[in-house]
Amino acid sequence: MIAQHNHHRAVLKELLWALAFAGALAAILRFALGLGATTGLNDASPWGLWIAFKLGFVALAGGGFTLAAMVYIFHLEAFRPIVRRAILLALLGYGSFIVSLLFDLGLPWHIYMPVINWQHHSVMFEIAWCVMLYFSVLVMEFGPVILEHPWFQNEIYQKIAYLLHKAVLPLVIAGIVLSTLHQSSLGSLFLIMPHRVHPLWYSPWIPVLFFISAIAAGMLALVLEGFLAERLFGKRLRLDLLPRLAKIGSFALGLYLLLRIADLAWRGVLPVALDGSWQSILFGAEILIGGALPVGLLASARVRSSREGLVTCSLLGIGGVLSQRMSLSMISMWRPEHTPYLPSLMEIVIALAIPAAAGLVYLLFMENLVVSEARLPADQATHQARPAR
């Protein structure tokens, strides 16, 4: 069995390394030649595939702040064994967001500008600061896991780990606030462009929809990660927790669908969903296959108790959320007919290489760190982390 797990990891690593290497070559060309020569972007279409992928990375990271709140704020100790993995997924999601942003900026070496050039009325300014601060919070939340490694057993590192353990509650609260602001602010970007966004995806409720859909996608991503950890590392599958995560995710997904349909009906746009256009077909598939179907299936305890049901419904639900964000930011966005947008090969390679690199980091951490922790009360876990005097 161990040999089988090792074989699965080896095959996956080969694929991820190939994608990462191809992305590195494409990255050199992108930074050497610029956006115009290496992408399909233009002045009329400055947003494309990388923006859509960034929105997806952040959606899948929603399990970090959600599960941290459940464990440290609401004291649902049953979920403690997987809270570290939730924070790891959030860390990788936001790290991928930042790396992708470097490629998407016309002048990537100016990424530090929001730190010194404050634009208080800019949504992008708020997003930049929330990403910087929340990523820093995630690093500090996950820091004790890294500092448990034998490389960091000297007194200085252990004192740092102890301080981070003591500060876990303020860090979690800060993470919840910052991620809430960031998730909703990403949706606010589209409020200023109703003339560019198709009516089926535009909504004055986009900030709320982004926040709720991030909770749904984050919970379902944790379900998939549980099966992935079992297949690659032989981790004992927590079939007592995954159905509960899926139930929370389906509830958030159902609330997201209800608000979205209610908004369309309130604004009188719902008939557009039945006009037979390709946008209406895409919208229907997104709502029915990527929303209503997994919500309905997960309402059944029999589906939630089966591996196939959990995996299938999680994939469908995540696909529905990612479809909404990609459709909103790229697929359904209006562009002049004389300046169409089609992602270049380099855009596609880089877009795939970033999550591939994140996958390699995930494998590295899972192989060398204790990412799954025992079910301990919070005060006992903190006591065990206290450095020896």
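Residues numbered from 1 in each chain as written. Predicted model: local features only at pLDDT ≥ 70, side-chain atom pairs only at ≥ 80, totals over all residues. Heavy atoms only, no water.

### Concerning the packing of helix 4 (residues 62–73) against helix 9 (residues 168–188)
Okay, so step 1: Where helix 4 meets helix 9, the closest approach of the two axes is 10 Å, and the angle between their N-to-C directions is 145°. Classified by chirality, the crossing of helix 9 by helix 4 is left-handed. Contacts between helix 4 and helix 9 pair Phe65, Ala68, Ala69, Tyr72 and Ile73 from the former with Val168, Leu169, Val172, Ile173, Gly175, Ile176, Ser179 and Gln183 from the latter. (Axes fitted to C-alpha atoms, helices over the stretch in contact; angles between N-to-C directions. Helix = DSSP H or I, 4+ residues; strand = E, 2+ residues; numbered from the N terminus. Left-handed = near helix turned anticlockwise from the far one by under 90°. Contact = heavy atoms within 4.5 Å.)

### A word on the pattern of salt bridges
Okay, so step 1: A complete count under the given rule lists 10 salt bridges for this structure.
Okay, so step 2: Between Arg80 and Glu77 there is a salt bridge, with the nearest N and O atoms lying 2.6 Å from each other. Note on accessibility: Arg80 and Glu77 belong to one class, buried.
Okay, so step 3: A salt bridge links Lys159 to Glu155, with the nearest nitrogen and oxygen atoms 3.2 Å apart. Of the two residues, Lys159 and Glu155 both sit in helix 8 (residues 155–166), four residues apart, roughly one turn of that helix.
Okay, so step 4: With relative accessibility at 44%, the residue Lys159 sits in the partly exposed group.
Okay, so step 5: You can call Glu155 exposed: its relative accessible area is 52%.
Okay, so step 6: Where salt bridges share partners, they join Arg9, Lys13 and Glu367 into one cluster. (Salt bridge = Lys/Arg side-chain N within 4 Å of Asp/Glu carboxyl O. Buried < 20%, exposed > 50% of the residue type's maximum accessible area, 1.4 Å probe, protein only.)

### Overview of the confidence of the model for the protein
Okay, so step 1: Mean pLDDT over the protein works out to 88, with 94% of the residues at or above the 70 mark.
Okay, so step 2: Contacts from residues 375–389, a stretch scored under 50 in pLDDT, to residues over four places away or in other chains number 19 contacts. (pLDDT = per-residue confidence, 0-100.)

### What to know about the packing of aromatic side chains
Centre-to-centre distance and the angle between the planes together describe a pair of aromatic rings.
Okay, so step 1: Scanning all chains against the criterion turns up 15 aromatic pairs.
Okay, so step 2: Pairing Phe190 with Phe210 gives two aromatic rings, centres 6.2 Å apart and planes at 45°, and the pair type is tilted. Taken together, the residues span a long stretch of sequence, with Phe190 in the loop between helix 9 and helix 10 (206–233) and Phe210 in helix 10 at a distance of 20 residues. Grouping residues by exposure puts Phe190 and Phe210 together as buried.
Okay, so step 3: When the centroid spacing of 6.1 Å and the interplanar angle of 90° are considered together, the rings of Trp201 and Phe283 count as edge-to-face. In this pair, Trp201 is assigned in the loop between helix 9 and helix 10 and Phe283 in helix 12 (residues 278–298), connecting sequence segments 82 residues apart. Accessibility assignment for this pair places Trp201 and Phe283 in one class, buried. (Phe/Tyr/Trp six-rings, centres within 6.5 Å; stacked < 30°, edge-to-face > 60°.)

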